[in-house]
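Fold and geometry: a report
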Amino acid sequence: MIAAVDTLLKDIRNKRIAPVYLIHGDEPYYLDRVADELEKVAVPVAERGFNQFVLFGKDADVGAVINYARRYPFMAERQLVLVKEAQQLAGINDKSAQTLLEDYALNPLSSTILMLCYTKEDGKPGLDERKAWVKAFGNKGKLLGIKKLYDNKIPDWVGEYCREQGTKVSPKACQLLADHIGNDLKRLASEIDKIMINLHVGEEISAATVERLVGISKEYNVFELQKALVGRDVVKSNQIVDYLGKNAKDNPLVVVLAQLFAYFSKVILVQASKDQSEKALAGVLGVNPFFVKDYLSAARTFPLPKVAAIIHAIRRADALSKGIDAPTMNETDILRELVFDILH
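I will try to describe carefully the structure that is included in this document. (Residues numbered from 1 in each chain as written. Predicted model: local features only at pLDDT ≥ 70, side-chain atom pairs only at ≥ 80, totals over all residues. Heavy atoms only, no water.)

Another point: unusual backbone geometry. The residue Lys15 is not glycine, and still its phi comes out positive at about 60 degrees. Counting through the fold element by element, Lys15 comes out in the loop between helix H1 (2-13) and strand S1 (20-25). For Met75, which is not glycine, the phi dihedral falls at a positive 50 degrees. (Helix = DSSP H or I, 4+ residues; strand = E, 2+ residues; numbered from the N terminus.)

And the structure:
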């Protein structure tokens, strides 16, 4: 998916521009990035006042979009009509409006570049690429679906983003950012940009840098909790639980549980793998080889039946956090009980 986005961005930068674009999905970071790139190159700066139109779905309808697309540019070679949040266009789900879009996409005006950015909203179905009007955009222009990255791909994304900016970053820093911020790519990019502003020339983004500049406690985070659990350090584990509970806003239980679940799920993969070499396990786990020793250590500490019991305990903690079976337990007590179950 990212490779397809990179190819599209490269084409736009090289001014290999299609007459119509329909980009859709549930990853707003890449939808915005493609739209921003097209805005930069489609129309010269001096001509944008009359020949560049950025519309928002909630303020327009399909008919208005088509009218903009069919007008001719004012004393210029071409114009850009960019529609953001196209899923909110009035009439977008009506057959008559979709026919208008299909007819235009099949016979686009050569002097107009039309881009629709269709965001999949939570709880609602995404764009159906089997529809005729959607296929028309793919036939005459560019059709691209962009999905959110899986959580296990986020550390690699962080590393790639830093490399694109010409900045080195350690594997632990990548993982720390991914664990703390999650798969919100816009926020991740923003935090990384803030970090880079504060770096010295040639300085690498290390875990210590992330802890200092992003506001993550050096001693009390999920990373350290995992280490304390594998080391069977009861005191340190409970100290971290108390800290996370007192700072629940920055460390929501649902995120902590998700990270612990992902961690111990990988431990099971280590135990099930026939090839125990670090290179092979890195491929199986989808992690940087830097972290394989941590998972091997955990696999030695917790036998397979115990890890299965831990995963069951995490699922139970998740249910408790949602008020199932124990509506009176607070988040700190739920996490403390989970840690007790893991260590005993």
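Continuing now.
Taken as a whole and judged by the stated rule, the model has 14 salt bridges. In this structure, the salt-bridge partner of Lys148 is Glu27, at a minimum N-O distance of 3.5 Å. With Lys148 in the loop between strand S5 (142-146) and helix H7 (154-164) and Glu27 in the loop between S1 and helix H2 (28-42), this residue pair connects regions lying 121 residues apart in the sequence. Residue Asp318 pairs with Lys322 through a salt bridge whose shortest N-O separation is 2.9 Å. One continuous salt-bridge network, built from bridges that share partners, spans Asp242, Asp333 and Arg336. (Salt bridge = Lys/Arg side-chain N within 4 Å of Asp/Glu carboxyl O.)

Before going further, it helps to spend a moment on helix H12 (residues 234-246). Between its first and last C-alpha, H12 extends 19 Å over 13 residues, near the 18 Å set by a 1.5 Å rise per residue. Among the residues of H12, Ser237, Ile240, Val241 and Leu244 are the ones counted as buried. Buried positions in H12, seen along its axis, are confined to an arc of 105 degrees and lie on one side of it. Along H12, exposed side chains directed more than 90 degrees from the buried face belong to Val235 and Lys246. (Expected span 1.5 Å × (residues − 1). Buried < 20%, exposed > 50% of the residue type's maximum accessible area, 1.4 Å probe, protein only. Arc of directions from axis to C-beta.)

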